[in-house]
Amino acid sequence: MKFSILAVTLSLTACVVASPVPHVVHERRSIGIKTWTRSDTKLNRATKVPVSIGLSQRNLENGHDFLMNVSHPGSKNYGKHWTADRVTEAFAPSEETRNAVKAWLVESGIAEPRIKLSKGLNWFRFDATIEEVETLLHTEYGIYEHAQTGDKHLACDSYSVPATIREHIDMITPTVHFDAKLSRKEKREELTKRALNPGDAGNAWRPKQGKVISTTPSNGELSTNVVPQPAVIFNLANCNTYITPDCLRALYNFTNGTLSGSSYGIVEYTPQAYLQGDLNTFYTNLAGQIPSGTAPNSIDLIDGAIVQTTSQSFDDNGESDLDLQYAISLVYPQEVTLYQVGDTVEGASFDNFLDAVDASYCTYDGGDDPTQDGIYPDTASGGYKGAADCGTFAATSVISTSYGYNEADLTAAYEQRQCYEYMKLGLQGVSVLYSSGDYGVAGNGGECCTKAKCAGGTYNFGSSGTFNPSFPGTCPYVTSVGATQIVPGATVTTPEEACETVIYSGGGFSNVFPIPSYQSSAVATYFANHKPTYTAT
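This write-up is about the structure you can find in this document. Please read these numbers as outputs of a predicted model, since none were measured by experiment.

On a plain count of helices and strands, the protein comes out with 11 helices and 21 strands. Counting over 537 residues, the protein shows a buried share of 50%. Across the protein, every contact between residues at least 6 apart in sequence was considered, and the portion connecting residues at least 24 apart equals 74%. Element-wise, carbon and sulfur atoms account for 54% of the exposed surface of the protein, whose accessible area totals about 25300 Å².

Below, the structure is given as structure tokens:
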């Protein structure tokens, strides 16, 4: 009898003892071994690292409908854009989410005073030792080295969180994310295959340098890279050879700019920088209505950025010159703002720019991913020592960026989080434009993926494999702008075609984002009437 009572007591005790909540993998690194390899460097696990936890936000499933309500011309609320405060309130994580994640952290040994909540209420941030983070996330960190550049990152192959917590978390950094921001230590020849930092020389999404036109050599002799040309007369008759602002006006039937309430922003990443002399030459030859010396009306220097003029070359100035020459010429006298992002040492990413124009995106002190984004203050010699810009600058009505990544370079969680930020900017009346790329359905440098849907993030040289879409161009809340050309031998009044001479206009279907509803009809028509003879694999 005593034995039976004891057995029942033990049984009841076992019932009230809580079983440990199992951990489940939240994200797994997919970047291929050819890109990053784990080094034998021994980590000091007492080293502290900044940890950021992106909390799951409310109402994201309604974001598309919210956006259509204010942006579709047929809506009664068309043009009634939201304020930044309303956006923050609508998408802020629930109290349940904040409490659940904080309770997990505290129970795991991260004292509550160490945990800070971002201004947008959607990030938790704390400093922890590598050993603490490894225990918290059931993972093991190592130093990974980039095969092409030698750049090193602290990362892990995967990380796990309690099953009951997973729904409350979008992503945690630093963990599996890297390969977006590369330092500028590399020589150009080392980056010819695939460069990822937007401002680095050699980035594959740059204007391609064609023949240099010269009729008056300064020293009486032609340089070896100069092709002798007769005097060029820029007019609408030769738009199939030389595209000018007037050609674009005629092709797309738009007028000169006005001093309207709209505003236009161009984003550049240091060390890319424009040269005023190049702008002046362009005005003289192709935009005579613009006075010499005209520059961007406002230059917003983000995270210690400078408009550097020390290093002058096609690689350092080509992109920024081109962007501003055409932007200013096409909308003049409307104002153009230059957003110059990142210092000359650390560099920057798209997240750094988003932080600067939207305080709800960054944490209280920046909160970016040190393996992907520029982290400020920059501890490196010569780096920017100030705090990261967070909501410091106003967003213009239209923001244009001519850079991009391979979609497979980044994790889906990272891309989805950033994509939703573009949706929020749209709610506030901001249109965001990104380049679609220069290599058709291939990615940076003309590379294709080795596996279906770019699984594993490994690439080849483009002779085989699967389509390699770009990001942020695949985000449904940005406008992905491709390249067009006048049909060779045709006039400017003839319908244009996708560019397929110097570059190939980018495209392809996302492996992360589904086809948005506003594209479904066009895509269905495309497959019904122009079905390709090949598949994406």
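Let us now look at the sheet that holds strand 6 (residues 142–146). Reading across from one edge, 2-6-7 is the order of the three strands in this open sheet, with antiparallel pairing throughout. Single-partner strands in this sheet number two, and they are strand 2 (36–38) and strand 7 (152–155). Recorded for the sheet is a direction-independent mean angle of 35° between the axes of neighbouring strands.

Turning to the pairing of strand 6, a few remarks are in order. Within strand 6, four of the five residues are buried, which leaves it mostly tucked inside the rest of the structure. Here strand 2 runs beside strand 6; their pairing, made up of three bridges, is antiparallel. Within strand 6, the position partnered with Trp36 by the bridge is His146. Bridge count for strand 6 against strand 7 is four bridges, and the pairing is antiparallel. Considered in strand 7, the bridge of Ile143 is made with Leu154.

Counting residues in each nonpolar core, the largest one holds 67 residues, and the members touching the most others are Ile53, Trp104, Phe353 and Tyr422. Residue contributions to this core peak at seven residues, all from helix 10 (residues 412–427). For Tyr422, the residues in contact, after removing those within four places along its chain, are Phe350, Leu354, Val432, Tyr434, Pro472, Cys475, Tyr477 and Val478. Counting residues in hydrophobic clusters, the runner-up holds 18 residues, among them Ala287, Ile290, Tyr326 and Ile328.

This model, assessed by the stated rule, comprises three disulfides. Here Cys419 connects covalently by a disulfide to Cys475, the sulfurs 2.0 Å from one another. Of note, the bridge from Cys419 to Cys475 carries an S-S torsion of about 80° and is right-handed in sense. Here the residue Cys419 occupies a position in helix 10, and Cys475 occupies one in the loop between strand 18 (470–471) and strand 19 (479–481), the gap between them amounting to 56 residues.

What follows is about the packing of aromatic side chains. A full pass over the atoms with the stated rule returns 15 aromatic pairs. Measuring from ring centre to ring centre gives 5.7 Å for Tyr269 and Tyr403, while their planes differ by 90°; the resulting arrangement is edge-to-face. Taken together, the residues Tyr269 in strand 12 (residues 264–269) and Tyr403 in the loop between strand 15 (398–401) and strand 16 (405–406) connect sequence positions 134 residues apart. The pair formed by Tyr269 and Tyr403 is uniform in burial state, with each residue classed as buried. Taken together, the ring pairs in this structure connect Tyr269, Phe350, Tyr403, Tyr405, Tyr422 and Tyr434 into an aromatic cluster. Over the aromatic face of Trp82 sits the side chain of Arg86, whose NZ or CZ is 4.0 Å from the ring centroid. Positioned over the ring face of Trp123 is Arg417, at 4.5 Å from the centre of the ring.

The next thing to look at is the side chain of Asp358. Relative to the assigned elements, Asp358 resides in the loop between helix 9 (350–357) and strand 15. Lys424 provides the closest opposite charge to the buried, salt-bridge-free Asp358, at an N-O distance of 6.5 Å. Those residues in contact with Asp358, other than ones at most four positions away along the chain, are Gly391, Glu421, Leu425 and Gln428.

Calculation criteria
Residue indices begin from 1 for each chain and proceed along its sequence in written order. Predicted model: local features are reported for residues with pLDDT of at least 70 only, side-chain atom pairs are reported and counted for 80 or more only, and whole-chain, interface and lining totals are derived from all residues. Excluding hydrogens and water, the side-chain figures rest on all heavy atoms present in the structure. Every helix listed is a DSSP run of H or I at least four residues long, and every strand listed is a run of E at least two residues long, numbered separately from the N terminus. Accessible area is worked out with a 1.4 Å probe on protein chains only. A residue is then buried under 20% of its type maximum, exposed over 50%, and partly exposed in between. Contacts are assigned to residue pairs with any non-hydrogen atoms lying within 4.5 Å of each other. Shrake-Rupley sampling with a 1.4 Å probe provides the accessible areas, and residues are treated as covered by the protein chains on show and by no other component. A pair of strands is labelled paired if DSSP reports no fewer than 2 bridges between them. Only the stretch in contact is used when fitting a helix axis, every axis being a line fitted to C-alpha atoms; angles between N-to-C directions are given from 0 to 180 degrees. By nonpolar core we mean a set of buried residues, namely Ala, Val, Leu, Ile, Met, Phe, Trp, Tyr and Cys, connected to one another through side-chain atoms within 4.5 Å. Criterion for a disulfide: a pair of cysteine sulfur atoms at a distance within 2.5 Å. Ring pairs are drawn from Phe, Tyr and Trp, using the six-membered ring of Trp, whenever the two centres fall within 6.5 Å, and their geometry is named by plane angle: stacked under 30 degrees, edge-to-face over 60, tilted for the rest. Criterion for a charge above a ring: Arg CZ or Lys NZ at most 6 Å from the ring centre, at most 35 degrees from the ring normal. By the counting rule applied here, Lys and Arg register as positive and Asp and Glu as negative, while His and the ends of each chain are not counted. Salt bridge criterion: a side-chain nitrogen from Lys or Arg within 4 Å of a carboxyl oxygen from Asp or Glu.

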